[in-house]
Every structure is written in structure tokens, then in C-alpha cells.
Amino acid sequence: GVVAAAATSTGGDAPHSPILLDVYATWCGPCKFMEPLLLEAAEELGPTVRVVKLDSDKYPRISSVLKVGGLPTLIRFDGGDVSKEVERMEGVLTKDQIIDFVNGNFKR
């Protein structure tokens, strides 16, 4: 598939839980730094969010359609309407900032 799950799913995901898309590249230092933080946040958030990763080098057309300008980029999509982008953030975030971003409480 196009995206790979960042955390294993137990199959108990809420049907309309938001999607957090992490657009990254394997050569990107900040992306590598944020990867374990994203995994920790995904584990803490559990089934309240579906976390997926997109390698911008493997799927440049999707990255272009999403208008990704920098890496890493986190994009939160509405769970009920997965085509609806709610918010995006470029750059490294801490685990707590990722959780706040998913919950809509992130302060820039």
C-alpha cells in the first residue's frame, strides 16, 4: 500500500478517529529524530487516532498533491471525512506536542 502503519493496530480503532499523516524521507535527519517520538505518541493515543507514514521519495506525486513543502510534515485529517485536512505542521515536534496537535490543542 501507499502508507504503512506507524503503530500496530489492535483492530479496535474508532471508525471515525482522525488520521495523522507523517510525511518523511529516509535521508531526513529531523524525520529520523522525530520517528521514535511519533511512535511513543501513537502508543499513548491508542485507538483515538490512526497514524500513517508516507515516504515522500517513494511517493513524490502524493507529496506534491498534498503540497508538502518541508520535512517532516504532519497532517491531521478529519476522521469522518478523510479528504478534509484539518491542520498541518512542518518541522520536528516533541511527543507532547504531537499529542496536542492530534487533539487540536497545539499552540504555535
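Residues numbered from 1 in each chain as written. Predicted model: local features only at pLDDT ≥ 70, side-chain atom pairs only at ≥ 80, totals over all residues. Heavy atoms only, no water.

S.K.: Run through helix 1 (residues 29-45), naming residues and quoting values.
M.R.: With 17 residues, helix 1 should cover 24 Å at 1.5 Å per step; its first-to-last C-alpha distance of 25 Å lies within 8% of that length. Residue Glu-35 marks the point of greatest curvature in helix 1, where the axis turns by about 35 degrees; the proline Pro-36 follows within four residues. Every buried residue of helix 1 is accounted for by Cys-31, Met-34, Leu-37, Leu-38, Ala-41, Ala-42 and Leu-45. Of the surrounding elements, those touching the buried residues of helix 1 are strand 2 (19-24), strand 3 (50-55), strand 4 (73-77) and helix 3 (95-102). In the stretch just after helix 1, Gly-46 is the one whose phi turns positive, near 60 degrees. (Helix = DSSP H or I, 4+ residues; strand = E, 2+ residues; numbered from the N terminus. Expected span 1.5 Å × (residues − 1). Bend = angle between axes of the 7 residues up to and from the residue. Buried < 20%, exposed > 50% of the residue type's maximum accessible area, 1.4 Å probe, protein only. Contact = heavy atoms within 4.5 Å.)

S.K.: Kindly report on the packing of helix 1 against helix 3, identifying the contributing residues and their values.
M.R.: Between helix 1 and helix 3, whose axes approach to 8 Å, the crossing angle comes to 50 degrees. Judged on the interaxial angle alone, helix 3 and helix 1 are oblique. Crossing geometry of helix 1 relative to helix 3 is assigned as right-handed. Contact residues: Met-34, Leu-37, Leu-38, Glu-40, Ala-41, Glu-44 and Leu-45 in helix 1; Lys-95, Ile-98, Ile-99 and Val-102 in helix 3. Looking at the contact of helix 1 with helix 3 residue by residue, the classes come out as eight nonpolar, no polar and three charged. (Axes fitted to C-alpha atoms, helices over the stretch in contact; angles between N-to-C directions. Parallel < 35°, antiparallel > 145°, perpendicular 65-115°, else oblique. Left-handed = near helix turned anticlockwise from the far one by under 90°. Nonpolar A, V, L, I, M, F, W, Y, C, P; charged D, E, K, R; others polar.)

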